[in-house]
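Single-letter residue listing:
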Amino acid sequence: METPTTPFSYLLDTFKPEVFKRRFPIVMFLLQRSWGAWFAFSAFVFFYATHEYTFAGLFIIVTAVMAMNGLAKTDLVLAHRTPVWWKKHPTLKVLHFINSEGEMAGIFVGVLTLIVVGLTHSSDLEHIHWPIGEAFTLYGIMSFANWTVHHMVTVMTVVEKFTGKFGVVFFGSLLSAVTGEPAAAVFLSEYLVNRVTPENRPKLATAIAGSIGSGGGWLPFAAPPILIIWSILSNDFGWSIVNLMMFIGFGCISHALVVSLFATKYIKDPDEELTTSHLPTAMMTFGFLALLVLAHIFIHGPYLWLIDAIIGLNVSFTLASLYGDKLTHLVKSKKLKTDEERRSNPEYEHLSEKAFSATFQPMLLSFLLLALEVIGHVAEPFIEIIAESIPESWPLLLTAVFLFYITAVVSHFADNALASRVFIVVALSFMSTMGEAAANLLAIAVVYGALYGGFLMIPANLPNFAISRAFHVDSGKWMKNAFGIYWTGIVYAAALFVWSVFLK
């Protein structure tokens, strides 16, 4: 009997010459699916090399958006399963358990952009702010959060006992600021997937995505749209954690509350009595995660980054071993003798996807954070043109609402962290002309837009992939039902109005 494939064993096998030669078509297949991104990237290279930085900024944004969608075809189009013919393909069958294609595409574009900058204008590398600390923070916290996921179902049971079905969605979404949004998507989906009728699955899935996308915004350590610009918010705008919790927390918690109320009506009552037998262990694990988050609030520096790296690597290897044992047990219990039998088994496929996410997703997100910083830096000249085109005669609130919606629209199609990194430049550009208070309002608008915009399409926000798989919602049904709660953006618009009154 063949040994089941685990995430680490697959990665290591790839470096064997005979295996690499056989799997090379996978890379070519994915690259060919994103021809539009290659045209845009070629235009970027031309304009950047000829010092036309404005056009270069435009085309690198187009490249990132198209690549993070085009190279994510397996999730964008299929969401929760792959075509039958892939199961027999000697190389493409591996895509059954690889996910986070959008994030890997973003990293790929970032690396290519860095190479172009280094080869054509190496002096520009000195002006790139590398969010090293933020990347380690994301890696450490999200890795440990992956370890806590299986305990959070017990925590959600306690929450439901005291707050009902509404509390499960609302407080579960707010906990994503501690556990990380992808982890929250997993434990909320696992807790609720069997308590919704098939026809209501798309409605509940998109509502959970909208609530998590907002609920994770009141702390900077688990929401990539905030984490990637946290150094800008803290250094250039002078924000503290308290400022973030006031400015962003007010809008995002309000939006999560409204969407959670919308989601509650689709959740059925539990079939059996809720039990909390494993609560002590769950609370101890979650308590350690809370301490880790608090450490990042009060302590900064290389020593904490080292702790993050140790936690991340330890959790990755531990989860890889854990899922490897589960896959081995599944193969033996189901008597899946051949590779084809395993790939055609839905339980094996689902468990393999979870193994890949648990093992590699925090690391991928950390590298994506660095890649988006490179892309955002190169895109700044184009965004500055947009900022200059906004009439200063506009009322400040109108400018804020405009910035909110344009950030949200970009977030619909690209990763919302890219949208926040790009459009924060607009808010920063108004600092010198309109003052600190006005710039703060515009910064709030950018973050609001990124948080709100991440639910409309599956690739727009990382948790959406896990939710779409759990509830078996394809991209067409996802978008159709997401439009049903699109009106909730007025909550953020109202929050902007409130801050426009107070920030004078």
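Residues numbered from 1 in each chain as written. Predicted model: local features only at pLDDT ≥ 70, side-chain atom pairs only at ≥ 80, totals over all residues. Heavy atoms only, no water.

1. Describing the packing of helix α18 (residues 396-413) against helix α19 (residues 416-429)
Put simply, the rule is: Axis lines are fitted through C-alpha atoms, for helices just across the contact stretch, and the angle between N-to-C directions can take any value from 0 to 180 degrees. Every helix listed is a DSSP run of H or I at least four residues long, and every strand listed is a run of E at least two residues long, numbered separately from the N terminus. Roughly parallel means an angle under 35 degrees; roughly antiparallel means over 145; roughly perpendicular covers 65 to 115; every other angle is labelled oblique. Less than a right angle of anticlockwise turn of the near helix away from the far helix marks a crossing as left-handed, whereas a clockwise turn marks it as right-handed. For this analysis, residues touch if any pair of their heavy atoms sits within 4.5 Å. In this count, Pro and Cys sit with the nonpolar residues alongside Ala, Val, Leu, Ile, Met, Phe, Trp and Tyr, while Asp, Glu, Lys and Arg are called charged and the others, Gly among them, polar.
Packing of α18 against α19 leaves a shortest axis separation of 8 Å and a crossing angle of 150°. Judged by the angle between their axes, α18 and α19 are roughly antiparallel. Here α18 runs over α19; the crossing is right-handed. Between α18 and α19, the residues in contact are Leu403, Ile406, Thr407, Val410 and Ser411 and Asn416, Ala419, Ser420, Phe423, Val426 and Ala427, respectively. Class assignment for the residues of the contact of α18 with α19 results in seven nonpolar, four polar and no charged.

2. Quick look at the packing of aromatic side chains
We apply this condition: For Phe, Tyr and Trp, rings pair up if their centres lie within 6.5 Å, where Trp contributes its six-membered ring, and each pair is then called stacked (planes under 30 degrees apart), edge-to-face (over 60) or tilted (otherwise). When accessible area is computed with a 1.4 Å probe and restricted to protein chains, residues below 20% of their type maximum are described as buried, those above 50% as exposed, and intermediate ones as partly exposed. In this scheme, Lys NZ or Arg CZ marks a charge over a ring once it lies within 6 Å of the ring centre and within 35 degrees of the ring normal.
Tallied over the entire structure, the rule returns 27 aromatic pairs. Between the aromatic rings of Phe144 and Phe288, the centroid separation amounts to 4.9 Å while the plane-to-plane angle is 50°, which identifies the pairing as tilted. A residue pair is termed long-range when its members are at least 10 positions apart, and Phe144 in helix α7 (residues 132-174) and Phe288 in helix α14 (residues 279-298) qualify at 144 residues. Ring centres of Phe404 and Tyr405 lie 4.8 Å apart, and the angle between their planes is 70°; on these two criteria the pair is classed as edge-to-face. Among the residues examined, Phe404 registers a relative accessible area of 0% and is labelled buried. Through a chain of ring-to-ring contacts, the aromatic side chains of Phe404, Tyr405, Tyr448, Tyr452, Phe455, Phe483, Tyr486 and Tyr492 assemble into a single cluster. The ring of Tyr323 has Lys326 lying over it, and the distance from NZ or CZ to the ring centre is 5.1 Å.

3. Thoughts on α18
Rules: Expected helix span is computed as 1.5 Å times (number of residues minus one).
Over its 18 residues, α18 extends 27 Å from the first C-alpha to the last, a length consistent with the 26 Å expected when each residue adds 1.5 Å. Turning to α18, its buried residues number three or more, namely Thr399, Ala400, Leu403, Phe404, Thr407, Ala408, Ser411 and His412.

4. Structural notes on helix α9 (residues 181-192)
Helical geometry: 3.6 residues make up each α-helical turn, so side chains three or four residues apart lie on a common side. Look at α9: 16 Å from first C-alpha to last across twelve residues, which is about the 16 Å you get at 1.5 Å a residue. Counting buried residues in α9 gives ten out of twelve residues, a clear majority hidden from the surface. Listed in full, the buried residues belonging to α9 are Glu181, Pro182, Ala183, Ala184, Ala185, Phe187, Leu188, Ser189, Tyr191 and Leu192. Buried-residue contacts for α9 involve α7, α8 (176-179), α10 (201-215), α17 (346-389) and α22 (462-471).

5. Concerning the pattern of salt bridges
Definition in use: Each salt bridge in this description consists of a side-chain nitrogen of Lys or Arg and a carboxyl oxygen of Asp or Glu lying within 4 Å of one another.
Inspection of every chain in the model, using the stated rule, returns four salt bridges. Between Arg195 and Glu160 there is a salt bridge, with its nearest N and O atoms 2.6 Å apart. Here Glu160 lies in helix α7 and Arg195 lies in the loop between α9 and α10, a separation of 35 residues in the sequence. A salt bridge links Arg421 to Glu373, with the shortest nitrogen-to-oxygen separation between them at 2.9 Å. Taken together, the positions of Arg421 in helix α19 and Glu373 in helix α17 put the pair 48 residues apart, joining distant regions of the chain. Since its relative accessible area comes to 2%, Arg421 is described here as buried. When its relative accessible area of 3% is taken as the criterion, Glu373 is described as buried.

6. Concerning the confidence of the model for the chain
Just so we agree on the cut-off: A residue's pLDDT is simply how confident the predictor is in it, with values from 0 to 100.
Averaged over all residues, the pLDDT of the chain is 81; the fraction at 70 or higher stands at 84%. With pLDDT under 50 throughout, residues 71-87 is counted as low confidence; its partners more than four residues away or in other chains account for 53 contacts. With pLDDT under 50 throughout, residues 92-98 is counted as low confidence; its partners more than four residues away or in other chains account for 29 contacts.

7. A word on unusual backbone geometry
Positioned with a positive phi, His51 is a non-glycine residue whose angle comes to about 65°. Position of His51 among the secondary structure elements: in the loop between α3 (35-49) and α4 (53-70). Positive phi is not limited to glycine here, since His472 has a value of about 55°. Within the element layout of this structure, His472 appears in the loop between α22 and α23 (475-482).

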